[in-house]
Amino acid sequence: SQQGEEDPQALSIQEGENATMNCSYKTSINNLQWYRQNSGRGLVHLILIRSNEREKHSGRLRVTLDTSKKSSSLLITASRAADTASYFCAPPGGEYGQNFVFGPGTRLSVLP
Amino acid sequence: DVKVTQSSRYLVKRTGEKVFLECVQDMDHENMFWYRQDPGLGLRLIYFSYDVKMKEKGDIPEGYSVSREKKERFSLILESASTNQTSMYLCASSLKGQGGYGYTFGSGTRLTVV
């Protein structure tokens, strides 16, 4: 069954540095999404990348997708303390891809 | 500002109680979902619904039921609460389509069963 798994589990960087998080999934997809969760709150949708896209940008976020390796990465450039959160990749799951599957996430800490 | 509203942020219930968690969205979304989130396990899908009065089991439906009488409201019911149902519960909604639309999440309900 489908599963999204983020790596590393935790990441600690200084403000201004770039942060890279990776995601692997098991079965073929037509799109993949990334979400952010601030401590104790709901998740916020960041970006969707479709299977025919290799790279997508949104502000300081850059997402790549390699369908041959069943992997994706999220890069946050020039990180800020406010980027401290957990980040989740979510490939579609279920029989018809009608829902998303979330892994345990990457916990990012950006130190001032 | 469009949103998904969960009725309670924190809830404490006793073992054996029947518990109702309410979720309302104002975006006219067809799909609605209930997840629970536990440390180290990520989000696990309990139930989802893609239309009024329709429901589908997710990965961990045991001990739960749902109700969707109106498009905007999706309720999660714990028939007889147990301590292993202590968790963060997250409601989400999305437009219909095979995974092509992002979820909008509520702020979550942290349920403690004592």
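One can find the structure itself at the top, above this paragraph.
The model shown is predicted, which means the values in this text are computed figures rather than measured ones. (Residues numbered from 1 in each chain as written. Chains lettered and ligands numbered in written order. Predicted model: local features only at pLDDT ≥ 70, side-chain atom pairs only at ≥ 80, totals over all residues. Heavy atoms only, no water.)

**Q** Hey, could you go over the sheet that holds strand 2 (residues 10-14) of chain A for me, with residue numbers and the actual values?
**A** All names here are of chain A. The five strands are arranged 2-12-9-4-5 in an open sheet whose pairing can be described as mixed. Two strands bound the open sheet, and with one partner strand each, they are strand 2 and strand 5 (43-50). Pairwise comparison of adjacent strand axes, ignoring direction, gives a mean angle of 20° for this sheet. With three bridges connecting them, strand 9 (residues 85-90) and strand 12 (residues 106-111) associate as antiparallel partners. Counted as the bridge partner of Ala85 is Leu108 from strand 12. (Pairing = 2+ DSSP bridges. Helix = DSSP H or I, 4+ residues; strand = E, 2+ residues; numbered from the N terminus. Axes fitted to C-alpha atoms, helices over the stretch in contact; angles between N-to-C directions.)

**Q** Before we move on, could you go through the interface of chain B and chain A and cite the residues and values that matter?
**A** Where the parts come together, the accessible area they lose is often given as the size of the interface. At the interface, 21 residues of chain B touch 21 residues of chain A. Of the roughly 1700 Å² buried at the junction of chain B and chain A (both faces included), carbon and sulfur atoms supply 51%. On the surface where chain B and chain A come into contact, there are zero salt bridges. Summed over the shared surface of chain B and chain A, the result is five residue pairs in polar contact (both at pLDDT 80 or more). Residue assignment for the side of chain B that touches chain A shows that the elements contributing at least two residues are strand 4 (31-38), strand 5 (42-49) and strand 9 (87-94) of chain B. (Contact = heavy atoms within 4.5 Å. Buried area = accessible area lost by both parts, 1.4 Å probe. Salt bridge = Lys/Arg side-chain N within 4 Å of Asp/Glu carboxyl O. Polar contact = N/O pair within 3.5 Å; in protein donor to acceptor, adjacent residues only side chain to side chain.)

**Q** Which residues make up the state of the cysteines, and what values do they have?
**A** All told, the structure shown has two disulfides over all chains when counted by the stated rule. The disulfide that involves Cys23 of chain A links it to Cys89 of chain A, with 2.0 Å between the sulfurs. With the S-S dihedral at roughly 65°, the linkage between Cys23 of chain A and Cys89 of chain A falls on the right-handed side. Separated by 66 residues along the polypeptide, Cys23 of chain A in strand 3 (residues 19-25) and Cys89 of chain A in strand 9 bring together distant segments of the chain. Covalently, Cys23 of chain B is tied to Cys91 of chain B through a disulfide, its sulfur atoms 1.9 Å apart. Because the sign of the S-S torsion sets the handedness, a value of about -75° for the bond joining Cys23 of chain B and Cys91 of chain B places this disulfide among the left-handed ones. Of the two residues, Cys23 of chain B is situated in strand 3 (residues 19-25) and Cys91 of chain B in strand 9; the sequence distance between them amounts to 68 residues. (Disulfide = S-S within 2.5 Å.)

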